[in-house]
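Chain by chain, the residues:
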Amino acid sequence: MADSYSFDVVSDFDRQELVNAVDQVRREVGQRYDLKDSNTDIDVEEASLTITTASDMTLDAVMDVLRQKATKRNLSLKIFDLQTPEPVGGNRVKQVVKLRKGLSQELAKTLSKLVRDQIKKVTVAIQGESLRITGKNKDDLQQVITLLRAEDLEVPLQFENYR
């Protein structure tokens, strides 16, 4: 038996699933009667999406389609950090949607303190954009997972490398 068990707490998403969801959104926007002539353009960058469309109303419709497609592809809606829409030339609207990935230092410190205060038998180490939770008992680690899942955070959490 191992002396101690551990797992990592990360915030990540499957990039290929996001690209597939955006492709489905583009296809549906091109086919839907109410969105067909809106001349909507969706650009995928490394850390954000940029949606340019005809009006606020079509922007809301495109965002609804994006949420549906992302949910069907098991992407958490918490990865989308919506910025305020801004007008572009020619009565068009542009919205930047930043993609949340990784735990910020402040959030990592907050989660670390929460776990250390609630469950004394585990140790928490911040490793870049993830947390390493280590304990002698698997049941303690299960309690940590339950505790973190109960928290309402602005980022999605995944639990990896459970050993």
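Residues numbered from 1 in each chain as written. Predicted model: local features only at pLDDT ≥ 70, side-chain atom pairs only at ≥ 80, totals over all residues. Heavy atoms only, no water.

(A) Structural detail: the packing of aromatic side chains. Tallied over the entire structure, the rule returns two aromatic pairs. A ring pair is formed by phenylalanine 7 and phenylalanine 159, whose centres lie 5.9 Å apart and whose planes are at 75 degrees; its orientation type is edge-to-face. Of this pair, phenylalanine 7 sits in strand E1 (residues 5-10) while phenylalanine 159 sits in strand E9 (residues 158-160); the two residues are 152 residues apart in sequence, bridging distant segments of the chain. Positioned above the aromatic ring of phenylalanine 13 is the side chain of lysine 101, whose terminal nitrogen or guanidinium carbon lies 5.5 Å from the ring centre. (Phe/Tyr/Trp six-rings, centres within 6.5 Å; stacked < 30°, edge-to-face > 60°. Helix = DSSP H or I, 4+ residues; strand = E, 2+ residues; numbered from the N terminus. Lys NZ or Arg CZ within 6 Å of the ring centre and 35° of its normal.)

(B) Just the packing of helix H1 (residues 15-31) against helix H2 (residues 56-72), in detail. Closest axis-to-axis distance for the H1/H2 pair is 9 Å, and the angle between their directions is 135 degrees. The pairing of H1 with H2 is recorded here as oblique in orientation. Here H1 and H2 pass one another in a crossing that is right-handed. Contacts between H1 and H2 pair Ala21, Val22, Gln24, Val25, Glu28 and Val29 from the former with Val62, Val65, Leu66, Lys69 and Ala70 from the latter. Here the residues of the contact of H1 with H2 are counted per class, giving eight nonpolar, one polar and two charged. (Axes fitted to C-alpha atoms, helices over the stretch in contact; angles between N-to-C directions. Parallel < 35°, antiparallel > 145°, perpendicular 65-115°, else oblique. Left-handed = near helix turned anticlockwise from the far one by under 90°. Contact = heavy atoms within 4.5 Å. Nonpolar A, V, L, I, M, F, W, Y, C, P; charged D, E, K, R; others polar.)

(C) Structural view of the sheet that holds strand E7 (residues 122-127). Ordered in space as E7-E8-E1-E9, the four strands form an open sheet in which the pairing is antiparallel. Two strands close off the open sheet at either side, each with one partner strand: E7 and E9. Between one strand axis and the next, the sheet turns by 25 degrees as a mean value, whatever way the strands run. Running at roughly 175 degrees to E7, helix H3 (residues 105-118) makes contact with E7 and strand E8 (130-135) of the sheet. (Pairing = 2+ DSSP bridges.)

(D) Region of the structure containing unusual backbone geometry. Its identity as a non-glycine residue notwithstanding, asparagine 91 has a phi of 60 degrees, on the positive side. Looking at the secondary structure, you find asparagine 91 in the loop between strand E5 (86-88) and strand E6 (92-99). The class of asparagine 91 is exposed, set by a relative accessible area of 71%. One non-glycine residue, asparagine 161, adopts positive backbone phi at about 55 degrees. (Buried < 20%, exposed > 50% of the residue type's maximum accessible area, 1.4 Å probe, protein only.)

(E) Summary view of the side chain of aspartate 140. Relative to the assigned elements, aspartate 140 resides in helix H4 (residues 138-150). Non-local contacts of aspartate 140, meaning those with residues more than four positions away in its chain, are made with Ile119, Lys121 and Val122.

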